[in-house]
Amino acid sequence: MRAIAYIRVSTEEQATAGASVEAQRTALRRYADANGITIIAEHADLGVSSSVRFESRPAGRAAIAALVTKDPTQRADALLIIAVDRLFRDTREGLEFFDWATPRKIAVLSLREQIDSRTASGRMMLTMTLATGEYERRVISERTKAALAQRAAEGRVTGEIPYGCTARDERDAQGRVVARYLERDPATWRVREHVVGLYRNGLPDGTRVGFGKLSLHLRFEERLPAPRGGGWWSKATLKSMHDTHDRLAQLPFAEAATTATT
C-alpha cells in the first residue's frame, strides 16, 4: 500500500507532547514500517486550526491531489494520520469526505483509533469518533460560555474592559492579583450614558437614528473622541455598548482614589 502521511498541528499544540510535528511523523513512520506501507509523501499543515476545512488547507489540498493524480508514480491509495481529529472535527464534513473517498478506493488509516476506513467496522468507528468529537467540543463550548456568563454576572473581568468601566484588582495577603472586578468609571460612564441615550431616545432634535447615523453624529456634530482615540465610532462598538449597557449599569462606581485617569 502506498500512503500519504498527513500531519496537522494548531498553533497552541506545536509545543504539546504527543501533538508535535516530530511526534506525529515518528509514529506514522513506525506504523508504516510495521504494516508494510510505503509513505510516498508527507504533507503537514502547521498552525492550522481544525475549523479550516481539509480541502482548504495547503497541505490538505496537496494530499488530495496526490490521492487523485493520474500519474501512477505519484498516486497514493491511502491517507495515513495520527488521529481523526487531524483531518476533521465536524461530523458532516468528515462523512462527506469518506463518501467521496470510498468509491475511489481511497483508504484512511488512523493510528490512535485503529481505524481502517476500508472495513465496515472501521467505517462504524469512524462515524462514532466524528460524532463523539463534535459532541465533546459542543459540551466544552457550552461550559465555557456558561462560565464566562457567570463571571460577567459577578462583575468579574472576562476580556477587554468595556468603555465606561475600569478594573479593580483583588489581591491576596502576598499582594498577588487573584481576581479583577469591573466597576463604573465616573468620568467615562457619563459619556457612555450619553451615547447610549442618543440611540435609545433620539438626537437633541428628537430624530431617531441607527448606529450608522449615530456614528456620524458623534464624529461630525459632537466631535466626541471614540473609546480608542480618534473620531470614528464604529457601528460594532456602538451596538456592543447598547447591548451590554443595562448589565453594566448594575456595577458599583469606582472610588475616586482608584479611578483611572482618562
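The coordinates are above.
What counts as what
- Residues numbered from 1 in each chain as written.
- Predicted model: local features only at pLDDT ≥ 70, side-chain atom pairs only at ≥ 80, totals over all residues.
- Heavy atoms only, no water.
- Core = buried A, V, L, I, M, F, W, Y, C linked by side-chain atoms within 4.5 Å.
- Buried < 20%, exposed > 50% of the residue type's maximum accessible area, 1.4 Å probe, protein only.
- Helix = DSSP H or I, 4+ residues; strand = E, 2+ residues; numbered from the N terminus.
- Contact = heavy atoms within 4.5 Å.
- Pairing = 2+ DSSP bridges.
- 1 Å grid on protein atoms, 1.4 Å probe; cavity = no way out; pocket = protein on both sides within 12 Å on 5 of 7 lines; lining within 4 Å.
- Points joined across faces, edges and corners; volume = space filled by probe spheres on them.
- Nonpolar A, V, L, I, M, F, W, Y, C, P; charged D, E, K, R; others polar.

### Considering the nonpolar core
Okay, step 1: Formed by 22 residues in total, the largest nonpolar core has its most connected members in Phe54, Leu79, Leu87 and Phe97.
Okay, step 2: Counting residues per element, the ones that place at least two in this core are strand 1 (2–9), helix 2 (58–68), strand 3 (78–81), helix 3 (91–101) and helix 4 (120–153).
Okay, step 3: With five residues, the top contributor of residues to this core is helix 2.
Okay, step 4: Leaving out residues up to four positions away in the same chain, Leu79 has contacts with Ile4, Tyr6, Phe54, Ala63, Leu67, Leu87, Phe97, Ala107, Val108 and Leu109.
Okay, step 5: If you look at the next biggest cluster of nonpolar residues, it comprises 15 residues, including Ala5, Val21, Ala107 and Leu111.

### Overview of the sheet that holds strand 4 (residues 107–110)
Okay, step 1: Taking strand neighbours across the sheet as the criterion, the five strands line up as 2-1-3-4-5 in an open arrangement whose pairing is mixed. The open sheet has two free edges, formed respectively by strand 2 (38–46) and strand 5 (115–116), since each of these has just one partner strand.
Okay, step 2: Examined bridge by bridge, strand 1 and strand 2 share eight bridges and lie parallel to one another. Residue Ala3 lies in a different strand from strand 2, and its bridge partner there is Ile39.

### A closer look at the layout of surface pockets
Okay, step 1: In this structure, the largest pocket spans a volume of roughly 410 Å³.
Okay, step 2: Considering the residues around the largest pocket, the lining is formed by 20 residues, among which Glu160, Ile161, Pro162, Tyr163 and Thr237 are closest to the centre.
Okay, step 3: Residue contributions to the lining of the largest pocket peak at six residues, all from helix 7 (residues 235–248).
Okay, step 4: Its residues assigned to classes, the lining of the largest pocket shows 10 nonpolar, six polar and four charged.
Okay, step 5: Considering only enclosed or pocket space, the second largest pocket measures out at about 250 Å³ in volume.
Okay, step 6: Split into classes, the residues belonging to the lining of the second largest pocket amount to four nonpolar, three polar and seven charged.

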